[in-house]
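Residues per chain are reported as follows:
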Amino acid sequence: MASSISSDTRAQVVQIYDNLPTYACAKCSAVVALQDELISKAFSGRDGRGYLMHSACNVKLGVKEERPLLTGLHSVADVFCMGCNDRLGWYYHSASEHSQKYKEGKYLLEKEKIIKDNAWTLDE
């Protein structure tokens, strides 16, 4: 699942979520998650608030590493946008503490790196 973060993947970006509320990359506007996938807004990223998500799309994973976070040691991989290669957050592979196991297989997307699109339309 991990690929080179420097490879050009812009052509692989999928836009299939017409008329659904999404989160998109703040740099290139590629859709990276459905708003329905949000678990919690009460997380901390590297540079501020973070959103814990069930899943993400149009992203690729960096190298898996052990990282000390606020809640203990976790095995994570940085998450990069497939549209522009901007780092958006990280993916939780595993957690060392039992109380943190619920994060495994989830994504942390940093609030400052994504934009919310509610997909509202005006009836005319």
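Further up the page is the structure itself.
So, a few notes on the structure that sits alongside this text.

Analysis parameters
- Every residue gets a number counted from 1 within its own chain, in the order that chain's sequence is written.
- Where local features are concerned, this predicted model is filtered to residues with pLDDT of at least 70; where side-chain atom pairs are given and counted, the filter is 80 or more; whole-chain, interface and lining totals use all residues.
- Heavy atoms throughout the structure, all of them, feed into the side-chain values; hydrogens and water do not.
- In plain words, nonpolar cores are sets of buried Ala, Val, Leu, Ile, Met, Phe, Trp, Tyr and Cys residues tied together by side-chain atoms within 4.5 Å.
- Partly exposed residues are those whose accessible area sits between 20% and 50% of the maximum for their type, while under 20% is buried and over 50% is exposed, using a 1.4 Å probe and protein chains only.
- Numbered from the N terminus, helices here are DSSP runs of H or I no shorter than four residues, and strands are runs of E no shorter than two.
- We define a salt bridge as a contact between a side-chain nitrogen of Lys or Arg and a carboxyl oxygen of Asp or Glu at a distance within 4 Å.

Looking at the nonpolar core
- Formed by 17 residues in total, the largest nonpolar core has its most connected members in Tyr 23, Val 32, Met 53, Leu 88, Tyr 107 and Leu 109.
- Taken together, the elements giving at least two residues each to this core come down to strand 1 (22-25), strand 2 (31-34), strand 4 (48-53), strand 5 (59-69), strand 6 (72-81), strand 7 (87-95) and strand 8 (107-110).
- In terms of residues, this core owes the most to one element, strand 6, which gives 3 residues.
- Residues Phe 43, Leu 52, Trp 90 and Leu 108 belong to the second largest nonpolar core, which totals 6 residues.

Brief notes about the pattern of salt bridges
- Applying the stated criterion to the full structure yields 6 salt bridges.
- Notably, a salt bridge pairs Asp 86 with Lys 113, separated by 3.7 Å at the nearest N-O pair. Taken together, the residues span a long stretch of sequence, with Asp 86 in the loop between strand 6 and strand 7 and Lys 113 in the loop between strand 8 and strand 9 (114-117) at a distance of 27 residues.
- Given a relative accessible area of 19%, Asp 86 falls into the buried group.
- Put simply, Lys 101 and Glu 104 hold a salt bridge, and the shortest N to O gap is 3.3 Å.

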